[in-house]
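Coordinate analysis (summary)
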Amino acid sequence: MNNYSMNTKCVQSGYTPGNGEPRQIPIIQSTTFKYDTSEDMGKLFDLEAEGYFYTRLQNPTNDHVAAKIAALEGGTAAMLTSSGQAANFFAIFNICECGGHVVASSSIYGGTFNLLSVTMAKMGIEVTFVSPDCSEDELNAAFKDNTKVVFGETIANPALTVLDIEKFANAAHAHGVPLIVDNTFPTPINCQPIKWGADIVTHSTTKYMDGHGAAVGGAIVDSGNFDWTAYADKFPGLCTPDESYHGITYAEKFGKEGAFITKCTSQLMRDLGCIQSPQHAFILNLGLESLHVRMPRHVENGQAVAEFLQEQPEVSFVSYPTLPGNKYYDLAKKYLPKGGCGVVSFELKGGRKAAETFMKHLKLAAIETHVADARTCCLNPATSTHRQMSDEQLAAADIPAGLIRISCGLEDKEDLIADLAQALKAI
Ligand SMILES: *Cc1c(COP(=O)(O)O)cnc(C)c1O
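Residues numbered from 1 in each chain as written. Predicted model: local features only at pLDDT ≥ 70, side-chain atom pairs only at ≥ 80, totals over all residues. Heavy atoms only, no water.

It is worth spelling out the domain arrangement of the protein at this point. Note on interface size: it is often stated as the accessible area lost on association of the parts. Domain annotation for the protein reports domain 1 (29–287) and domain 2 (292–425). Facing the 29 residues of domain 1 at the interface are 31 residues of domain 2. Taking both partners together, domain 1 and domain 2 bury about 2500 Å²; carbon and sulfur atoms supply 60% of that area. Considering only the side of domain 1, the residues that lose the most area to domain 2 are Leu160, Asn190 and Tyr208, jointly responsible for 31% of the buried surface there. Lys327 is the partner of Asp133 in a salt bridge, and the nearest nitrogen-oxygen pair spans 2.9 Å. Taken together, domain 1 and domain 2 are joined by 16 residue pairs in polar contact (both at pLDDT 80 or more). Among the elements of the structure, helix H7 (165–174) and helix H8 (187–190) are those that each provide at least two residues to the side of domain 1 that touches domain 2. (Domains from an automatic or database assignment. Contact = heavy atoms within 4.5 Å. Buried area = accessible area lost by both parts, 1.4 Å probe. Salt bridge = Lys/Arg side-chain N within 4 Å of Asp/Glu carboxyl O. Polar contact = N/O pair within 3.5 Å; in protein donor to acceptor, adjacent residues only side chain to side chain. Helix = DSSP H or I, 4+ residues; strand = E, 2+ residues; numbered from the N terminus.)

So, about the environment of Tyr328. Following the sequence through the fold, Tyr328 ends up in the loop between strand E8 (315–319) and helix H13 (329–335). In the structure, Tyr328 is positioned 165 residues away from Leu163 in sequence and 8.8 Å away in space, judged by C-alpha atoms. Apart from the residues within four sequence positions on either side, Tyr328 is in contact with Asp133, Leu160, Thr161, Val162 and Pro321.

Another point: the layout of surface pockets. For the largest pocket, the calculated volume is near 1200 Å³. Considering the residues around the largest pocket, the lining is formed by 40 residues, among which Asn157, Pro158, Ala159, Asp398 and Ile399 are closest to the centre. Of all the elements in the fold, those that place two or more residues in the lining of the largest pocket are helix H5 (110–122), E8 and strand E12 (403–407). Looking at the lining of the largest pocket, the element that brings in the most residues is H5, giving four residues. Along the lines of polarity and charge, the residues of the lining of the largest pocket split into 20 nonpolar, 16 polar and four charged. The two domains that each donate at least three residues to the lining of the largest pocket are domain 1 (29–287) and domain 2 (292–425). Approximately 830 Å³ is the volume attributed to the second largest pocket. Taken together, 33 residues make up the lining of the second largest pocket; nearest its centre are Glu50, Gln58, Asp63, Ile261 and Thr262. Counting residues per element, the ones that place at least two in the lining of the second largest pocket are helix H3 (60–73), strand E1 (77–81) and helix H10 (250–272). With eight residues, H10 is the single largest residue contributor to the lining of the second largest pocket. (1 Å grid on protein atoms, 1.4 Å probe; cavity = no way out; pocket = protein on both sides within 12 Å on 5 of 7 lines; lining within 4 Å. Points joined across faces, edges and corners; volume = space filled by probe spheres on them. Nonpolar A, V, L, I, M, F, W, Y, C, P; charged D, E, K, R; others polar.)

By convention here, two paired aromatic rings are described through the distance between centres and the angle between planes. All told, the structure shown has 14 aromatic pairs when counted by the stated rule. Ring centres of Phe89 and Phe93 lie 5.1 Å apart, and the angle between their planes is 15 degrees; this geometry places the pair in the stacked category. Taken together, the positions of Phe89 and Phe93, both in helix H4 (residues 84–93) and four residues apart, correspond to about one turn of that helix. Aromatic side chains Tyr250 and Phe254 sit 6.3 Å apart centroid to centroid with 25 degrees between the ring planes, which places their arrangement in the stacked category. Of this pair, Tyr250 and Phe254 are both found in helix H10, four residues apart, which corresponds to roughly one turn of the helix. (Phe/Tyr/Trp six-rings, centres within 6.5 Å; stacked < 30°, edge-to-face > 60°.)

E12 sits mainly inside the fold: five of its five residues count as buried. Summarising the sheet, strand E9 (residues 343–348) and E12 pair through five bridges and their orientation is antiparallel. By the bridge assignment for E12, Glu347 is matched with Leu403. Strand direction decides the pairing type here: strand E11 (residues 377–379) and E12, joined by three bridges, are antiparallel. The residue of E12 that forms the bridge with Cys378 is Ile406. (Buried < 20%, exposed > 50% of the residue type's maximum accessible area, 1.4 Å probe, protein only. Pairing = 2+ DSSP bridges.)

So, about the site of the ligand. The immediate surroundings of the ligand are formed by 14 residues, with Asn157, Asp182, Ser204, Thr206 and Lys207 found nearest. One of the side-chain N or O atoms of Asn157 is found 2.8 Å from an oxygen atom in the ligand. In this structure, a nitrogen atom belonging to the ligand sits 2.7 Å away from a side-chain N or O atom of Asp182. Computed on the free molecule, the ligand has an accessible area of 380 Å², of which 91% lies beneath the protein chains in the complex. No other element matches H4, which puts three residues into the shell around the ligand. Of the residues in the shell around the ligand, the class split is two nonpolar, nine polar and three charged. (Near = heavy atom within 4 Å. Areas by Shrake-Rupley, 256 points an atom, 1.4 Å probe, with all protein chains shown as cover.)

Below you can see the structure in the form of structure tokens.
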């Protein structure tokens, strides 16, 4: 299956039924699995044999879907989590414990920013945020002796900055640590961060991978490229015996290709239990089967809407990485040659009042705190997610009161533009 194109992998990777078996991935709706002898089951607990014993750790439905995502990203192993938040937490915490330090792009999803700066800080993990636009010197200066990992987003939600993946990967590797890239917005259809040097890729599958606003979920993919044993002193969790698994050393027993995901499953899933339900994994797979068909349409609609908005007198600026003149245009051409995603940000000259009037008149675009759905949706942070802030505070945070984020769905672009045009007239 590895030799097939992305299009074929979206449809068929991860599950190949045998003779007379179900064509669609079966939903294994079972919390537990039966064994003939205690000895058989014991081998699973010793990580001596592969198999399933309890769905809090692993379930066959999830593993088929995770294998598809691994194939799409070009990784060697993957796992599903209950949400994108859980995926990023697990991916970081799997190698960075109390006393560790993370270097992260400052332009990331608000939930991940809070996870790092508030919740993981309470666990004794320190973070240094750097601008994604920083120089190599500034980036190198952010590292400390206890740095364990670097984190960024290919296209940041909602800032729409584009990460210079090679710059971040080179700096991480020069300091003997891996780079984690959250690839939620472009999906592997539009960017495969592993090809540019990322070691681990994460996803909120809630977004384009599901793509229908139906199931919250996350995924972690390991490239299998990072050599943990070369930096054994930095990663004792992978390179010294795990007493909770009879003294197994993950990097030795499972190698570069399997150590990261095996540890993440057998320690973090076992103890924290943020598993994706097999029902959600099944729904996620239905989304993945058409991801390669849907992403180009999201991009086509995003580009058309961005170009239309740019010409409108009511609009003061439009942010879309593949729009000529955008600050990230050159990086987008390099990392996102097929386009990025369907999310566009723009500011209305009339501020908060204009945004309210505009959004009230939209007929197709629904007001939602969501993106990456088949149905177009939009949000004005000043009157929703950020409504506690004054206009001055909003300006200081680079979120002008008239800013609107629109996530272009799969409708006809002419209909979307007509809807925006009539709502602009109402201002
Ligand atoms: C939505 C999102 C998350 C969080 O994912 P959930 O599935 O909502 O937990 C993380 N990263 C990015 C880039 C996102 O857009």
